[in-house]
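Inside the fold
So you can see what is in the structure, the chains are spelled out below.
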Amino acid sequence: MKPRYDLLILDLDLTVWDHEDASSLVPPYRRVSEGAAADSRGTTIRLRPGIRELLSRCAEWGIRVTVASWNRPDVVFPLLRTLDLDRFLWNPVIEFHPDKVAMVARILRALGPEWDGRGLFVDDREENVRAVAEAFERVDAVRFGVDVKSFRDLTELLVGGGEV
Ligand SMILES: [Mg+2]
């Protein structure tokens, strides 16, 4: 089976998890269940259903998964570790500015000029999806919650089901 994409770039807030601003959390975190963590004030962050299955599928299929997130790296990298997501991510980019095009450009630079695959960018904000779709020929962009309703839909899309 050959997947349609070999690179998946995920937004975090309101895409990978249900929290809208992870930079407002206060570490340290503790894991409260398979799919949730709490910060030091008891605020809970829940992963979207299906994300773990997607990550293990991507590992199996050789799809690199990375992150482009507007957040404070010192607050959010420990959360990815607590949720045991960090080990599935290749070169995650978490920076405190809203320019997703700059973040995706950085990811593509890290891949190097020999990369000849195709990437898929997933974000809940329409302006980010539009900007990334326009900026990169080799990257398709879809809106989480609209174009793909769940991580199960996304898994389908990665292997060629559905239309972008
Ligand atoms: Mg978001």
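Structural data are supplied above this passage.
In this section: the packing of helix 3 (residues 100-111) against helix 4 (residues 126-135). Between two packed helices, both the angle of their axes relative to each other and the distance between the axes serve to describe the pair. The interhelical angle for the contact between helix 3 and helix 4, taken along N-to-C directions, is 45°, at an axis separation of 9 Å. Taken together, the axes of helix 3 and helix 4 are oblique relative to one another. For the pair helix 3 and helix 4, the sense of crossing is right-handed. Of the residues in helix 4, those in contact with Lys 100, Val 101 and Val 104 of helix 3 are Asn 128, Ala 131, Val 132 and Ala 135.

With that out of the way, let us pick up the environment of Pro 27. Position of Pro 27 among the secondary structure elements: in the loop between strand 1 (7-10) and strand 2 (30-33). In the structure, Pro 27 is positioned 47 residues away from Asp 74 in sequence and 9.1 Å away in space, judged by C-alpha atoms. Setting aside chain neighbours within four positions, we find Pro 27 in contact with Asp 39, Ser 40, Val 75 and Pro 78.

Hydrogen bonds along the backbone pair up the strands of a sheet, which may run parallel or antiparallel. Overall, antiparallel pairing links the three strands, which are arranged 2-3-4 in an open sheet. In this open sheet, the two edge strands, each paired with only one partner strand, are strand 2 and strand 4 (44-46). Within the sheet, the average angular offset between the axes of one strand and its neighbour, ignoring direction, is 30°. Judged from the three bridges that link them, strand 2 and strand 3 (residues 36-38) form a sheet pairing that is antiparallel. By the bridge assignment, Arg 31 is partnered in strand 3 with Ala 37.

With five of five residues buried, strand 7 (residues 119-123) lies mostly within the body of the structure. Burial along strand 7 is two-sided: the face carrying Gly 119, Phe 121 and Asp 123 and the face carrying Leu 120 and Val 122 are both buried. Here four bridges tie strand 1 to strand 7, and the two strands are oriented parallel to one another. Along strand 7, the bridge assignment pairs Ile 9 with Phe 121. Pairing geometry for strand 7 and strand 8 (residues 139-143), over five bridges, is parallel. The residue bridging Val 122 from the neighbouring strand is Val 142, located in strand 8. This β-α-β element, strand 7 to helix 4 to strand 8, shows right-handed connectivity.

Attention shifts here to the sheet that holds strand 8. The five strands are arranged 6-5-1-7-8 in an open sheet whose pairing can be described as parallel. Looking at strand neighbours, the two that pair on one side only are strand 6 (93-95) and strand 8, the edges of this open sheet. Averaged over all pairs of adjacent strands, the angle between their axes in this sheet comes to 20°, without regard to strand direction. Along the sheet, helix 3 contacts strand 1, strand 5 (64-70), strand 6, strand 7 and strand 8; its crossing angle with strand 5, the most-contacted strand, is approximately 150°.

What follows concerns helix 1 (residues 51-61). Along helix 1, the residues classified as buried are Ile 51, Leu 54, Leu 55 and Cys 58. One side of helix 1 holds all its buried residues, which, seen down the axis, span an arc of 100°. Looking at helix 1, the residues exposed on the side facing more than 90 degrees away from the buried face are Glu 53, Ser 56 and Glu 60. Buried-residue contacts for helix 1 involve strand 1, strand 5 and helix 5 (151-158). Within two residues after helix 1, Gly 62 carries a phi angle of roughly 75°, on the positive side.

Calculation rules
Residues take numbers from 1 onward in each chain, read along the sequence in its written order. Only residues with pLDDT of at least 70 get local features here, since the model is predicted, and only at 80 or more are side-chain atom pairs given and counted; chain-wide, interface and lining totals rely on the full set of residues. Comment: axis = line fitted to C-alpha atoms, over the contacting stretch for helices; angle = value between 0 and 180 degrees taken between N-to-C directions. Segments assigned H or I by DSSP are reported as helices when at least four residues long, segments assigned E as strands when at least two residues long, and all are numbered from the N terminus. Under this scheme an angle from 65 to 115 degrees is roughly perpendicular, one under 35 degrees roughly parallel, and one over 145 degrees roughly antiparallel; angles in between are oblique. In this scheme the crossing of two helices becomes right-handed for a clockwise turn of the near helix relative to the far one and left-handed for an anticlockwise turn of less than a right angle. We call two residues in contact when the distance between their C-beta atoms, placed using the backbone, is within 7 Å. By definition, two strands form a pair when at least two bridges between them are found by DSSP. With C-beta atoms placed from the backbone, a residue counts as buried when 20 or more other C-beta atoms lie within 10 Å of its own, as exposed when 12 or fewer do, and as partly exposed for counts between those limits. For a crossover, the right-handed case is the one in which the path from the first strand over the helix to the second runs clockwise, viewed with the strands pointing away from the viewer. Relevant arc is that of directions from the helix axis to the C-beta atoms, nothing else.

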